[in-house]
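Tertiary structure, described
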Amino acid sequence: LSTRDWIQGATLARRCRAAAALAALNDESCTASDGNSYSRRTNESPEVLSDETEWKDICLMFQHANAVYGRALNPATLAVTEEGAIASLAKLPREKFIRMQLVSTIANPAYYLAIDDRHAAIALSVCGTRNAADALTDVLADAEVVVLRTSPPESENTGEAQYCIGLAHFGQLHSALNILAAVEKDLIAVLKRYPSYSIRIAGHSLGGGTAAILALLLRSKTPYVSGRDVKAVVFGCPSVLTRAMAECCKDFITVVVNRRDVIPRLTLYAVRYLLHACMYVRELSEKRRAQIAFNLLSRKKLRAIEREIRKRVTVTSPHECSMYIPGKIYHMVAPKNSGFCGARHIELHLKAAEDFRRITFPPGFFVDHWPMSYRKSLARATHLPLPAIEP
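Quantities reported herein were computed from a predicted structural model and do not represent experimental measurements.

About the thresholds
- Residues numbered from 1 in each chain as written.
- Predicted model: local features only at pLDDT ≥ 70, side-chain atom pairs only at ≥ 80, totals over all residues.
- Heavy atoms only, no water.
- Helix = DSSP H or I, 4+ residues; strand = E, 2+ residues; numbered from the N terminus.
- Buried < 20%, exposed > 50% of the residue type's maximum accessible area, 1.4 Å probe, protein only.
- Contact = heavy atoms within 4.5 Å.
- Areas by Shrake-Rupley, 256 points an atom, 1.4 Å probe, with all protein chains shown as cover.
- Core = buried A, V, L, I, M, F, W, Y, C linked by side-chain atoms within 4.5 Å.
- Pairing = 2+ DSSP bridges.
- Axes fitted to C-alpha atoms, helices over the stretch in contact; angles between N-to-C directions.
- Expected span 1.5 Å × (residues − 1).
- Phe/Tyr/Trp six-rings, centres within 6.5 Å; stacked < 30°, edge-to-face > 60°.
- 1 Å grid on protein atoms, 1.4 Å probe; cavity = no way out; pocket = protein on both sides within 12 Å on 5 of 7 lines; lining within 4 Å.
- Points joined across faces, edges and corners; volume = space filled by probe spheres on them.
- Nonpolar A, V, L, I, M, F, W, Y, C, P; charged D, E, K, R; others polar.

The subject of this paragraph is the overall build of the chain. Counting secondary structure elements, the chain contains 13 helices and ten strands. Here the chain, with 391 residues, has 50% of them falling under the buried criterion. For the chain, long-range pairs separated by at least 24 residues make up 72% of all intrachain contacts whose partners lie at least 6 apart in sequence. Put simply, the chain shows about 18,500 Å² of open surface, and 55% of that area lies on carbon and sulfur atoms.

Written out as structure tokens, the structure reads:
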């Protein structure tokens, strides 16, 4: 594929998906042919985060999600050692860190386990992608079965236990299992020492997906956390769970997506759809390619092309399962009709996982994924009553 094929293929994919969404909105079922639901919310005011406790949790856990990167993404840190850099960024004394793994391997990212007395929490923070081993973990995108117990632990003894069964991203599921096996003994000991402390799990990017699955595993498979407040707050989390499983996690997983961040939208299906759109464009005549370039195709024709591309994706991957962002999702965006100056202000809007099912490439689609971009956006959330993170 040439550069021209990629550019025109991405343009065609965007217009085909827009035509499919519009057709769905004009229909009572509001279900597009790509299987996604596009609700009639165009004229409704979005639900904006205003809860002080939840905002405090988000700010605290971003501090941990950023700190675990150490000097890799925070070169201005003056600490001599990597351990010192992480402690400085987390604003915790070195002795409060129970366990710290600084080196990432395949399906075993860097992380730390620490006691945060400021917020009466046991913090487990997982590092995102920062080397080749982490990148290989990202591309291990096969699906593996995971089971979540949705009823209290004592229900297993009475035979009334309820479960939710779904699929999870292979690489990040095994990353979570490896971290859980490594910290289990330390975690049990800390829980005994601090019986009233909650458990908070943080992560960004790869670390966000792993942290979300860790929260799921801790709540459903570990009896020693029974009755504890276990929650994950993650940033730029990729789509790692199937729909039913992702819906089950809304009570204990919070995901924050920054503006145009592409990683939460980068599902395997979306990538294959884009690839087949580019291959479809390559087969067209110059006349038809010019019609795409100048947006001269009718909606009816775009719908027909969209069905053809989707058919090709289905034929090449008939058994592929779609993955979704887990939990409750907040999207950091500028307020509507805010104008140029309003772009300096950010609101956190409650969104559905279906809103992040399409790959788009607007300006800043990759830069918005960086932790420093999340930090700046959180600092601009001026509608919230609590002070934001310092810029």
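A separate point is the environment of Q172. Looking at where Q172 falls in the secondary structure, it is placed in helix α6 (residues 170-193). Take Q172: its relative accessible area is 2%, and that puts it in the buried class. Aside from chain neighbours lying at most four places away, what touches Q172 is T137, D138, L206, G209, T210, I213, P238 and V240.

Before going further, it helps to spend a moment on unusual backbone geometry. A positive phi angle is found at A120, which is not glycine, with a value near 50 degrees. Residue position: A120 is located in the loop between β2 (111-116) and β3 (121-126). Residue class for A120 comes out partly exposed when judged on its relative accessible area of 32%. One non-glycine residue, N295, lies in positive phi territory at about 55 degrees. Here N295 lies in the loop between α10 (286-293) and α11 (299-316).

With that settled, consider the nonpolar core. Membership of the largest hydrophobic core comes to 49 residues, with the highest contact counts inside it found for I201, L216 and L241. Those residues in contact with L241 that lie beyond four places of it in its chain are V146, L167, A168, I213, L216, A246, C249, S322, M323, Y324 and P326.

So, about the sheet that holds β2. Strand order in the open sheet formed by eight strands is β1-β2-β3-β6-β7-β8-β9-β10, with mixed pairing between adjacent strands. In this open sheet, the two strands that pair with only one neighbour each are β1 (97-101) and β10 (347-351). The mean inter-strand angle of the sheet, taken between neighbouring strand axes irrespective of direction, is 20 degrees. With four bridges joining them, β1 and β2 adopt antiparallel strand pairing.

Attention now goes to helix α2 (residues 52-67). Counted at 1.5 Å a residue, the expected span for α2 with its 16 residues is 22 Å, and the 23 Å between its end C-alpha atoms agrees. Counted residue by residue, α2 has twelve buried out of 16 residues, so it is predominantly covered.

According to the stated counting rule, one finds five aromatic pairs in the structure shown. When the ring of F366 is compared with that of W370, the centres are 6.3 Å apart and the planes differ by 85 degrees; the resulting orientation is edge-to-face. On the basis of relative accessible area, W370 is assigned to the partly exposed category, the value being 36%. An aromatic cluster of at least three residues, connected via ring pairs, comprises F62, F235 and Y374.

Where burial is concerned, most of β2 is hidden: six out of the six residues are buried. Burial along β2 is two-sided: the residues Y111, L113 and I115 and Y112, A114 and D116 are all buried. Both β2 and β3 contribute to a ladder of six bridges, which runs antiparallel. Residue pairing in the sheet places I115 in a bridge with I122 of β3. Here β2 hands over to β3 after four residues, with A120 in that stretch at a positive phi of 50 degrees.

Let us look at empty space enclosed by the protein. Enumeration according to the criterion identifies three cavities of 30 Å³ or more in this entry. Approximately 120 Å³ is the volume attributed to the largest cavity. Lining the largest cavity are A13, R14, R17, A270, Y273, L274, R357, R358, I359 and T360. Residues of the lining of the largest cavity, tallied by class, amount to five nonpolar, one polar and four charged.

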